[in-house]
Amino acid sequence: MFGMVRPCTHRLGERLTAQWMAHLCGLCLALRGQAGQFARVVTNYDGLVISVLTEAQAGAERAGRRRAGPCALRGMRRASVAEGDGARLAAAVSLILASAKTRDHVTDQDGLLAHRPVAAAARRIAGVWDKEGARAGAGVGFDTALLVGAVERQPEVEALAGPGTPLLAVTEPTETATAAAFAHTAHLAGIPGNAAPLAEAGRLFGRLAHLLDAVEDQEKDAASGAWNPLTATGTPRAEARRLAADALHGIRLALDEAEFTDGRLAHVLLVHELGRSVERAFGEERHRHGAGAYGPAPGNPYAPGAPPHPGGPGDLPPPPPPREPRGLIPGCLVFVGMACTCQMCCGTYEGPWSRRRRDGMCKSCGDCCECCSCCSDGCQCCECCGCCDC
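## Let's talk about the overall build of the protein chain
When helices and strands are tallied, the protein chain shows 14 helices and four strands. By the burial criterion, 49% of the 390 residues in the protein chain qualify as buried. In the protein chain, the proportion of contacts linking residues at least 24 apart, taken out of those at least 6 apart, comes to 69%. Summed over all atoms, the accessible surface of the protein chain reaches about 18600 Å², with 56% contributed by carbon and sulfur.

## Structural notes on the packing of aromatic side chains
The full count for this structure, using the stated rule, is three aromatic pairs. Considering the side-chain rings of tryptophan 20 and tyrosine 45, the 5.5 Å spacing of their centres and the 35 degrees angle between planes classify their relative orientation as tilted. Separated by 25 residues along the polypeptide, tryptophan 20 in helix 2 (residues 14–35) and tyrosine 45 in the loop between helix 2 and helix 3 (48–58) bring together distant segments of the chain. Residue classification places tyrosine 45 among the buried positions, given a relative accessible area of 15%.

## Digging into the side chain of histidine 184
Relative to the helices and strands, histidine 184 resides in helix 8 (residues 167–189). The exposure class assigned to histidine 184 is buried, which follows from its relative accessible area of 11%. From its side chain, histidine 184 meets the backbone oxygen of valine 140 in a polar contact 2.8 Å long.

## Remarks on the environment of valine 106
Here valine 106 lies in helix 5 (residues 85–108). By relative accessible area, which is 10% here, valine 106 ends up buried. Along the sequence, valine 106 and arginine 123 sit 17 residues apart, while their C-alpha atoms lie 7.6 Å from each other.

## Considerations on the pattern of salt bridges
According to the stated counting rule, one finds 15 salt bridges in the structure shown. Of the charged contacts, one joins glutamate 175 and arginine 203 as a salt bridge, the two residues approaching to 3.4 Å between their closest N and O atoms. Linking glutamate 175 in helix 8 with arginine 203 in helix 9 (residues 195–224), this pair joins segments that are 28 residues apart in sequence. Linked by salt bridges that have partners in common, Glu175, Glu200, Arg203 and Arg207 make up one network.

## A short note on the packing of helix 2 against helix 3
How two helices sit against one another is set out by the angle between their axes and by the gap between those axes. Between helix 2 and helix 3, whose axes approach to 9 Å, the crossing angle comes to 120 degrees. Taken together, helix 2 and helix 3 sit at an angle that is classed as oblique. Helix 2 and helix 3 meet at a crossing whose hand is right-handed. Residue-level contacts link Trp20, His23, Leu24 and Leu27 of helix 2 to Leu48, Ser51, Val52 and Glu55 of helix 3. The residue inventory of the contact of helix 2 with helix 3, partitioned by class, reads five nonpolar, two polar and one charged.

## Thoughts on the environment of phenylalanine 282
Here phenylalanine 282 shows up in helix 12 (residues 264–282). Expressed as a C-alpha distance, the spacing of phenylalanine 282 and alanine 238, which sit 44 residues apart in the sequence, is 9.5 Å. In this structure phenylalanine 282 touches Leu212, Val215, Arg237, Ala240, Arg241 and Ala244, once residues within four positions along its chain are discounted.

## Here we look at the packing of helix 7 (residues 145–160) against helix 8
Where helix 7 contacts helix 8, the axes come no closer than 8 Å and their chain directions differ by 175 degrees. Judged by the inter-axis angle, helix 7 sits roughly antiparallel to helix 8. Packed against helix 7, whose contacting residues are Leu146, Leu147, Ala150, Arg153, Gln154, Val157 and Glu158, the element helix 8 presents Ala169, Val170, Glu172, Pro173, Thr174, Thr176, Ala177 and Ala180 at the interface. Its residues assigned to classes, the contact of helix 7 with helix 8 shows nine nonpolar, three polar and three charged.

## Focus on the nonpolar core
Grouped together as the largest cluster of nonpolar side chains are 69 residues, with contacts concentrated most on Phe182 and Leu208. When residues of this core are traced back to their parent elements, those giving at least two are helix 2, helix 3, helix 5, helix 7, helix 8, helix 9, helix 11 (237–257) and helix 12.

## Notes on helix 7
Along an α-helix, residues three or four positions apart point the same way, because every turn accommodates 3.6 residues. An ideal rise of 1.5 Å per residue puts 22 Å on 16 residues; helix 7 measures up with 23 Å between its terminal C-alpha atoms. Most pronounced at glutamine 154, the bend in helix 7 amounts to some 25 degrees, and the proline proline 155 follows within four residues. Among the residues of helix 7, Leu147, Ala150 and Gln154 are the ones counted as buried. The inward-facing, buried residues of helix 7 contact helix 5, helix 8 and helix 9.

## Considering helix 3
Burial analysis of helix 3 places 11 of its 11 residues in the buried class, the great majority of the element. Buried within helix 3 are the following residues: Leu48, Val49, Ile50, Ser51, Val52, Leu53, Thr54, Glu55, Ala56, Gln57 and Ala58.

Analysis parameters
- Residues numbered from 1 in each chain as written.
- Predicted model: local features only at pLDDT ≥ 70, side-chain atom pairs only at ≥ 80, totals over all residues.
- Heavy atoms only, no water.
- Helix = DSSP H or I, 4+ residues; strand = E, 2+ residues; numbered from the N terminus.
- Buried < 20%, exposed > 50% of the residue type's maximum accessible area, 1.4 Å probe, protein only.
- Contact = heavy atoms within 4.5 Å.
- Areas by Shrake-Rupley, 256 points an atom, 1.4 Å probe, with all protein chains shown as cover.
- Phe/Tyr/Trp six-rings, centres within 6.5 Å; stacked < 30°, edge-to-face > 60°.
- Polar contact = N/O pair within 3.5 Å; in protein donor to acceptor, adjacent residues only side chain to side chain.
- Salt bridge = Lys/Arg side-chain N within 4 Å of Asp/Glu carboxyl O.
- Axes fitted to C-alpha atoms, helices over the stretch in contact; angles between N-to-C directions.
- Parallel < 35°, antiparallel > 145°, perpendicular 65-115°, else oblique.
- Left-handed = near helix turned anticlockwise from the far one by under 90°.
- Nonpolar A, V, L, I, M, F, W, Y, C, P; charged D, E, K, R; others polar.
- Core = buried A, V, L, I, M, F, W, Y, C linked by side-chain atoms within 4.5 Å.
- Expected span 1.5 Å × (residues − 1).
- Bend = angle between axes of the 7 residues up to and from the residue.

Quick look at the structure:
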């Protein structure tokens, strides 16, 4: 899994975690249905935001849900997953961008791609993803030529960049691509008035994606001699941090202008979790109480015990009855899948052998601030001690 928006289930709470997993699984299955099993490797946290936005506007019933079969990555449990146009648009965008990224790695001869047979295979896979991404986009009325055009312009923009070039000139192709994808969710949901604010949110989301990638890779790029926008344009990290803060603020304002049927998950991902992603990239620490110098305050405003918020969730349904225990080998397979996805660390999970409901390490420690670095993505669960006023 990869992407900027990497929420910890301990912060999301049970209801929003279930929604988030529905979109994650929905994107994974849409990729499989569109381009085959191997395409599931391009499942990413950022792509599912498109599915989340579509459902936030249209509502879960209109956007589409279905019951999926057991999967090792969710403890061999069945689950309600997102389907429909939002998931298909997310799959189309993910395939096109993954194809472009693969070609970049082939051109740069990164790792195994320096070998001709591997590079040839990667180019063939990228070609399949291009074709299937275009077909998926056409199926939901989205012209993927906008994405392809932006991707093709990026090398030209980078070739012209040098010391003194505005950093935003380099991020423009990415901004254009993500703006188009975000805006199309408004048309899928049947709320065309949302297209303009969501295009703005998408533009700033693309800017952040480019900025954070540049910040996180700057040292590695310098060591390998690879091109990096911050280094090439001579942009100080302080200026990059300012641009990131402005983008976060702009996304929040844009979401406030849009009309949502249920925008809770979209708000948490694009305001709260995106702010944490910026802090991870710049190596900053959160203030435990209240907001820091940039971005929103920590915490899930819809979690149990948080201040009242219009449209907040009601009582949770009773837990399902326990099922029959698994055998040794199936339980071991489920254990591996759950361990790789952090399910046994944060929130609650189903025991791989007993199938009984258990608390993750973050919950069993009593005070969540006592467990340090419990998640592989550095989500810093102790940040959940504050709450926000939004």
